[in-house]
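# Summary of structural features
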Amino acid sequence: MPSYLRPLLRFKSFVLLFVTPLLLLPLPLVIQTKEAKCGYIIILMAVYWCSEVIPLAVTALIPVLLLPMFGILESKKVCMQYLKDTNMLFVGGLMIAVAVEHWNLHKRIALRVLLIVGVKPALLMLGFMGVTAFLSMWISNTATTAMMIPIVQAVMDQLSNTEQNLGHPEQLEGQVNPGIELEEKNAMELSSVQVIGNGHVPESPKVLDDSAQKKRLRKGMALCVCYAASIGGTATLTGTGPNLVLKGQMNSLFPENGDVINFASWFMFAFPNMILMLTLAWLWLQFSFLGFNFRQTWGCGAQRSTKDRAAYNVLKEEHRKLGPISWAEFNVLILFVLLVVLWFTRDPGFIPGWAALLFNSSQEEYVTDATVAVFVAFLLFIIPATKPKFCLHDANEEGKPEPFLPVPLLTWKIVHKQMPWSIVLLLGGGFALAKGSEVSGFSRWLGDQMMPLHSIPPWAIAMVLSLMIATFTECASNVATATLFMPVLASLSQSIKLNPLYIMVPCTLSTSFAFMLPVATPPNAIVFSYGHLRVSDMVKTGIMMNVIGVLCSTLAINTWGHAMFALDTFPAWANTTTGK
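Residues numbered from 1 in each chain as written. Predicted model: local features only at pLDDT ≥ 70, side-chain atom pairs only at ≥ 80, totals over all residues. Heavy atoms only, no water.

Within the element layout of this structure, E474 appears in the loop between α24 (458-472) and α25 (478-495). Although E474 is buried, it makes no salt bridge; K540 carries the closest opposite charge, 16 Å away. Looking at E474, its side chain comes within polar contact range of the main-chain nitrogen of F515, at 3.1 Å. Of the polar contacts made by the side chain of E474, one reaches the side chain of N546; its length is 3.2 Å. The contacts of E474, once residues within four sequence positions are left out, are F513, A514, F515, M516, L517, A520 and N546. (Helix = DSSP H or I, 4+ residues; strand = E, 2+ residues; numbered from the N terminus. Buried < 20%, exposed > 50% of the residue type's maximum accessible area, 1.4 Å probe, protein only. Lys, Arg positive; Asp, Glu negative; His and termini not counted. Salt bridge = Lys/Arg side-chain N within 4 Å of Asp/Glu carboxyl O. Polar contact = N/O pair within 3.5 Å; in protein donor to acceptor, adjacent residues only side chain to side chain. Contact = heavy atoms within 4.5 Å.)

Taken N-terminus to C-terminus, the directions of α24 and helix α28 (residues 535-558) make an angle of 145°; their axes are 10 Å apart at the nearest point. Between α24 and α28 lies a crossing whose hand is right-handed. Of the residues in α28, those in contact with W459, M463, S466, L467 and A470 of α24 are N546, V550, L551, T554 and N558. Within the contact of α24 with α28, the residues separate by chemical class into 6 nonpolar, 4 polar and no charged. (Axes fitted to C-alpha atoms, helices over the stretch in contact; angles between N-to-C directions. Left-handed = near helix turned anticlockwise from the far one by under 90°. Nonpolar A, V, L, I, M, F, W, Y, C, P; charged D, E, K, R; others polar.)

For the rest of this paragraph, the subject is the nonpolar core. I41, W49, F128, M129, M148 and L489 are the most contacted members of the largest nonpolar core, which totals 163 residues. Element by element, the count of residues in this core is highest for helix α15 (residues 263-290), at 14 residues. Residues within four places of M129 in sequence aside, it is in contact with C224, A228, L278, A281, W282 and L285. (Core = buried A, V, L, I, M, F, W, Y, C linked by side-chain atoms within 4.5 Å.)

A positive phi angle is found at N104, which is not glycine, with a value near 60°. By the element assignment, N104 lies in the loop between α7 (85-102) and α8 (105-117). When its relative accessible area of 33% is taken as the criterion, N104 is described as partly exposed. The phi angle at K497 is positive, at roughly 55°, despite the residue not being glycine. Within the secondary structure, K497 is located in the loop between α25 and α26 (500-510).

What follows deals with helix α18 (residues 327-346). In this model α18 runs 28 Å from its N-terminal to its C-terminal C-alpha over 20 residues, within 8% of the 28 Å that 1.5 Å per residue would give. Among all positions in α18, only A328, E329, N331, V332, L335, F336, L339, V340, L342, W343 and R346 are buried. Residues of α18 that are buried in the fold lie against α7, α8, α15, α19 (354-358) and α20 (369-380). (Expected span 1.5 Å × (residues − 1).)

Here it is as structure tokens:
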């Protein structure tokens, strides 16, 4: 940037916050239609969400202020959008995730799987990606990455230390500085310090090659964790925010859709897509950072080396520190399994579920996925974290009688501290925005402008929009991206008489394909902060990851997704809603 423009960066936040609404003000003042007023609100929120000049959750409250002031929707109807069924599904699911994190059940699962997989580079990367993706299906991507990356760091350090000690046995007493091994971004490389070892003998090319290989291995292992966290979150309805945005927008824009998107239907569509994408991502990372030397990376026909045993011992020691599974961990595991089973069997689709047999009728759906999530979350505040003591005379250390019912698995203090409440408001803001677009007629107007797209093949429309959203989400929150685009995509599908799911589902998946930049998503930022990666590393690898993601989602929606959601027909529930 030219030097004379740099001082302007100081005023960036001021300009975005105050000048943007003033520049957009002619839109509602000159045109003076409800569509223009709603467009003003949407553009303003899009600028604030993309720039994050104020917190995302605060921006999500703008509809409460502007929709009533512009005469689009009454305040009480706007506020009702902020706590809907989808929000309660999110809250209940996150409470289960908080319990899993609080009792370290996710770490026990991760270490157990890694001990089974082994420590050969290719298998180790596969193990890290599989575990991270599985955990990310149920707990937040950020928490999963924050838990996994220290394990990756410990294993990589042990591999590096063991190999260094084996290669230079005479220096065992001198290799005590762990700071060099961290390989921070701005630190001087070890090879540059040792070039003048005796003043005559230069460092051998083999040592340089080994150092470069170690760096590539560290980069590949770090990237595999953040990529797997983003991919894994797409597999379940509660795995990441955009999936819940899709469900909420479907119920808001198409209330007669018959609960076409629920936990079971989404899982049956998205889980195979996740497996395919995870496999291709693993192969791409193998090619980029490890190569395809099968004997070296897989250890085919080779005995376990000393450094492999050392890395295995690191994992084993971490697992040993956890001790035997506790009463609390066991109960959380049981409740977690119960939640998944109830979600799958509530309305599996091919047979009547337990909800249809016991509670729901053909006209009304009383029990939803949110009901199940809140029920299991409620049990977390009842079931004790330690075994109940039935002896009436038991006393604690202070001599006071022990209560019959001990402290539960979760307390409100823990939930309040770890729950990302801002996402609840962010979801609600999206629902309010969608309702305002529908009532004002903005959605119908936008759909009419997209009529020329009718001549383009549907698969091409879905692919182009997915690529556009995958690029957009690199610079904006994935939840905010989904919130902005879902009503637009719904209007587009109605204008060209295409099943809304054909466009909305792959584009929802694309909002999670933020692979290129450290600021694109929290998992990327966490991995980048460890100092092994440069921005160029993430961009070069992430471009191909975005292509893989879009191609996989396009394949999924045109094969098994086409059959699951009957995408060859324009459903009646999509034909009569928008613009009523």
